[in-house]
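# A closer look at the structure
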Amino acid sequence: MTVAATERLIAPHGGALVDGTGARPDGLEALEQIPLTSRELSDLDMLASGALSPLEGFMGRADYERVIEEMHLVDGLPWALPVCLAVDAAPAGDRVALVDDSGKPVAVLDVDEVFDYEKEREAELCFRTTDDAHPGVARLYEQRPLYLAGRVTVFERARPEFPELALDPADTRRAFAERGWKRVVGFQTRNPIHRAHEYLTKVALETVDGLLVHPLVGETKADDVPVEVRVNCYQTLLDGYYPPDRVVLSAFPAAMRYAGPREAIWHAICRKNYGCSHFIVGRDHAGVGDYYGTYDAQLVFDEFAPHELDVEPMFFEHTFWCNVCGSMASTKSCPHGAEDRVMLSGTKVREMLGQGDVPPVEFTRPEVAEVLIDAYRRD
Ligand SMILES: [Zn+2]
């Protein structure tokens, strides 16, 4: 494959993919060790892979301030959420070792600065709430009090939970180029894919060359469907209902922040790094509870100049099966009433699956329902 094949794809954010990896340095044992939370480890792995390009490390104060206030980095590039490492105190040396959850050093950070931050201010600006019942805000409030900034060099990558789905941005770009794709739409999800989301991925796919199904496999809320069950659902659905030469399934290693609108922007920028020219934004993207308006995650894209993000958002309405239309549809495309539409609440679906009942085929593919029913049975 020629270089030109990957150059047909959208350019990474900032122009080039960052490689945050490097050799294990000498003198590691002497360095102060900084333990990372699961969210920080997710961010570190994305810094390593270039998924957070152009970031080369954890943010300094100037970028942090501009990001939380104006959704841009100091150099003017759009960026929606802080990528910061919280510590208890300023380290003594100018280099520290970053340690994973088993206590093993996996990266070094060359210290640029240590700065303090106001948790409530960050919460209000990034999450639009200071309520500690919000899972992202709760995690922010539990953080250590200072941010440690600096370039990272990752010498040991996290072991992926699903090695066959672990594709870095360079890998997805290669996969797209090998298939001859130029325009690729990314689909983020943290749920099993039922008919509604199958439909909107396919509507999007009709207008581009390929689809990246990119489920988030980083940390989510305890009540989200377990990741191994979801991955089984995705594989089952793709095997039965999508042409293999038009779809790539890969895991998105980010931790959920539940920051709604800002996370939608952040997700879109990350997918641009993976080679997606388009990104699907449904209603309530990355939301939780009722902290965000239904369309906030779509409206926030208007806060950027046309083409400033480069990656093109594709907005979708809530979709459903309509018995009169005899097809999947949305309120944009179907004139019929609620009585003609097959719509089930999440609670109702969980109740059915828990009892071993297969939901209507208009709501979910039977093969996917079987995977979910099996999972409930094992609980
Ligand atoms: Zn209809």
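Owing to the predicted nature of the structure, the values given are computational and were not obtained by experimental measurement. Starting from 1, residues in each chain are numbered consecutively following that chain's sequence as written. Per-residue local features are limited, in this predicted model, to residues with pLDDT of at least 70; the limit for side-chain atom pairs, both in listing and counting, is 80 or more; totals at the level of whole chains, interfaces and linings are taken over all residues. As a rule here, side-chain values come from all non-hydrogen atoms in the structure, and water together with hydrogens is ignored.

### A few points about the sheet that holds strand β7 (residues 184-189)
Reading across the sheet, the five strands line up as β9-β8-β7-β10-β11 and stay open at both edges, with parallel pairing between neighbours. Sheet topology places β9 (247-249) and β11 (312-315) at the edges, where each strand pairs with a single neighbour. Adjacent strand axes in the sheet meet at a mean angle of 25°, parallel and antiparallel pairs treated alike. Bridging between strand β8 (residues 210-215) and β9 involves three bridges; their strand directions are parallel. Paired with Leu-211 across the strands is Val-247, a residue of β9. The criterion used for residue contact is that any of the two residues' heavy atoms lie within 4.5 Å. Here an angle of 0 to 180 degrees is reported between the N-to-C directions of two axes, which are lines fitted to C-alpha atoms, with helices fitted over the stretch in contact. Strands are runs of DSSP state E lasting at least 2 residues, helices are runs of H or I lasting at least 4, and numbering of each runs from the N terminus. Docked against the sheet, helix α7 (residues 195-205) engages β7, β8, β10 (278-281) and β11, running at close to 165° with respect to β7. Should DSSP find at least two bridges between two strands, the strands are taken to pair.

### Some remarks on the sheet that holds strand β13 (residues 327-330)
If you trace the three strands from one edge of the open sheet to the other, you get β13-β12-β14, paired in antiparallel fashion. Edge positions in the open sheet fall to β13 and β14 (341-342), since each of these has one partner strand only.

### Overview of unusual backbone geometry
In the segment running from Ser-53 into Pro-54, the intervening peptide bond is cis, with an omega of 10°. Within the secondary structure, Pro-54 is located in the loop between α2 (38-49) and β2 (57-58). Of note in this structure, Arg-128 is not a glycine but carries a positive phi near 60°. Structurally, Arg-128 can be placed in the loop between α4 (119-127) and α5 (135-142). Relative accessible area serves as the criterion here: at 38%, Arg-128 is assigned to the partly exposed category. A positive phi angle, near 70°, is found at His-307, a position not held by glycine. Considering the arrangement of structural elements, one finds His-307 in the loop between α10 (296-299) and β11. Burial classes: relative accessible area under 20% of the type maximum marks a residue as buried, over 50% as exposed, and values in between as partly exposed (1.4 Å probe, protein chains only).

### Topic: helix α8 (residues 227-241)
The end-to-end C-alpha distance of α8, which contains 15 residues, comes to 21 Å, matching closely the 21 Å that a straight helix rising 1.5 Å per residue would cover. On its buried face, α8 sits against β7, α7, β8, β9 and α12 (366-378). A helix is expected to span 1.5 Å for every residue after the first.

### Section: α2
Taking 1.5 Å as the rise per residue, α2 with twelve residues should run 16 Å; its terminal C-alpha atoms sit 17 Å apart, in good agreement. Counting buried positions along α2 gives eleven out of twelve residues, so the element sits mostly inside the fold. Within the sequence span of α2, burial applies to Arg-39, Glu-40, Leu-41, Ser-42, Asp-43, Leu-44, Asp-45, Met-46, Leu-47, Ala-48 and Ser-49. Phi turns positive one or two residues past the end of α2, at Gly-50, with a value near 90°.

### Topic: the pattern of salt bridges
When a carboxyl oxygen of Asp or Glu is within 4 Å of a side-chain nitrogen of Lys or Arg, the pair counts as a salt bridge. Tallied over the entire structure, the rule returns 19 salt bridges. Arg-157 serves as the salt-bridge partner of Asp-45, at 2.7 Å between the closest nitrogen and oxygen. Of this pair, Asp-45 sits in helix α2 while Arg-157 sits in the loop between β6 (146-154) and α6 (169-178), placing them 112 residues apart in sequence. For Asp-45, a relative accessible area of 13% puts it in the buried group.

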